[in-house]
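# Structure at a glance
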Amino acid sequence: MSGEFPVIQSAHSLVAKHVTKERWDRVKDIETKTCGFTIAKACACAIEFDNQHCGIYAGDWDCYKDFSEIFDAIIQDYHGISADAKHTSDMDATKITGNIDPAAPVHSTRIRVGRSIDGFGLSPGITKQQRIDVEKLVSTALSKVTGDLAGSYYPLTGMDEAVRQQLVDDHFLFVSGDRNLTVAGMERDWPEGRGIFHNDKKTFLIWVNEEDQLRIISMQMGGDVRGVFERLAKGIKAVGDSVKQESGKDFCLDAKYGYIHSCPTNLGTGMRASVHVDLPGWTQHGVAKLQARCEELHLQPRGTRGESGGQTGFTYDISNKHRLGYSEVELVQKMIDGVNTLWKEDKEFQKKYFGDFPFIASQHSLVAKHVTKEKWDALKNIKTKTSGFTLAKAIACAVQFNNQH
């Protein structure tokens, strides 16, 4: 039971736009079958906070069906899809053409997706027993994964301090205390039923029972996006096959909305493919102009501190903007092509704003600290007597690589 039509604090949210009193009254008495979720629980963040853009979460797959009049309107508005749209998934890495230019100053690549197992609630609504059952099923399934994906599962409950500190140092650990997730219902019974899996090389990770039942991540240093995607596809299949073998259950896949997630903004692929890349030329040209250019390329730029962490320096997190309406292969291709385009344009802006003074990829090196434009201009044309060596040749490693001291 959801009670009377509430005051929606997030007045500019999609909830405020699409949850009318008439729609509310039609569904306010419905409780979903899987975990007794209501429309009031679904809209809790938009009701509680004044800063939501979307403002709604699903407590189980039933929500998308039982409250379809509301969810459909919000999903179509957010993702820009038609009412009769269908979603196609495609994880075939052989269809990707090319890769990111090896000369582009990419620090790291990370691709993540979410997955939910049919028959269990999603994080906002999942019952305590369901959450424990998901963890048991997934940890058992992961213990049977082999090869380069094989690794260890670390439950948050009773975690050894040395393990916890290592996961913090690796930036793998997710923590409680996010007010959004708390109000949405995702931090109930913390930390029970939650944990982290990673392979031995720490290039394949799974978060269990965080914002989604499974958050599957493939990542590594450098810009081999295609290689990271190949590992992700292989990992998703291995985990899905193992879960199916253990339980007979599949991942929730909807013909219209793709892979089911707790947040409607993640529907479809649920995929965020991103690189951390240096764009000094674009930074000089203007961050607002970079944002506009990314919009044209169907990309999303962020600071490297995450969604709300802001921008520092000229290293950006560049990712695909869309989730629904495109396949995984299409979105990875857009990201590869888009980053290559941005880097090509960045080099032109560097010439325009910095002249022939080179961009030093190793930003924390002694070269970056001591080779100023003034020193460069004073010395750039000198060739040594013994072997015709130049300053450009001397600092080549710091210019080319981002790991020099």
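Here the structure is a predicted model, which means the values were calculated and not measured. (Residues numbered from 1 in each chain as written. Predicted model: local features only at pLDDT ≥ 70, side-chain atom pairs only at ≥ 80, totals over all residues. Heavy atoms only, no water.)

### Overview of the overall build of the chain
- A count of helical and extended segments in the chain gives 17 helices and 10 strands.
- Taking 22 Å as the expected radius of gyration for a compact globule of 405 residues, we find that the chain reaches 24 Å, a close match to that expectation.
- Based on the C-alpha atoms only, the size of the chain along its principal axes is roughly 85 × 45 × 40 Å.
- Of all intrachain contacts in the chain linking residues separated by at least 6 positions in sequence, the fraction that spans at least 24 positions is 72%.
- As presented, the chain carries roughly 18,900 Å² of accessible surface, and 51% of it is formed by carbon and sulfur atoms.
- The chain carries 50 positive and 53 negative side-chain charges, and their two centres are separated by 6 Å. (Helix = DSSP H or I, 4+ residues; strand = E, 2+ residues; numbered from the N terminus. Rg over C-alpha atoms; globule rule 2.2 N^0.38 Å. Contact = heavy atoms within 4.5 Å. Areas by Shrake-Rupley, 256 points an atom, 1.4 Å probe, with all protein chains shown as cover. Lys, Arg positive; Asp, Glu negative; His and termini not counted. Charge placed at Lys NZ, Arg CZ, Asp CG, Glu CD.)

### A look at the pattern of salt bridges
- Considering all chains together, one arrives at 26 salt bridges under this definition.
- Among the ionic pairs, Asp 25 bridges to Lys 28, the shortest N-O distance being 3.8 Å.
- Residue Asp 25 is classed as partly exposed on the basis of its relative accessible area of 30%.
- With a relative accessible area of 15%, Lys 28 lands in the buried category.
- Overlapping salt bridges, with partners in common, bring together Glu 4, Lys 21, Asp 25 and Lys 28 in one network. (Salt bridge = Lys/Arg side-chain N within 4 Å of Asp/Glu carboxyl O. Buried < 20%, exposed > 50% of the residue type's maximum accessible area, 1.4 Å probe, protein only.)

### Regarding the environment of Arg 215
- Here Arg 215 shows up in strand β5 (residues 214-221).
- A residue is classified by how much of its surface remains accessible, and Arg 215, at 9% relative accessible area, is buried.
- As a C-alpha pair, Arg 215 and Leu 205 span 10 residues in sequence and 8.1 Å in three-dimensional space.
- When residues no more than four places from it in sequence are discounted, the contact partners of Arg 215 are Arg 112, Val 113, Gly 114, Leu 205, Ile 206, Trp 207 and Asn 266.
- At 3.1 Å, the side chain of Arg 215 forms a polar contact with the side chain of Asp 212. (Polar contact = N/O pair within 3.5 Å; in protein donor to acceptor, adjacent residues only side chain to side chain.)

### With respect to the packing of aromatic side chains
- Under the counting rule described, the total for this entry stands at 10 aromatic pairs.
- Between the aromatic rings of Phe 197 and Phe 204, the centroid separation amounts to 6.3 Å while the plane-to-plane angle is 75 degrees, which identifies the pairing as edge-to-face. (Phe/Tyr/Trp six-rings, centres within 6.5 Å; stacked < 30°, edge-to-face > 60°.)

Everything listed is a geometric property; what it means functionally is a separate question.
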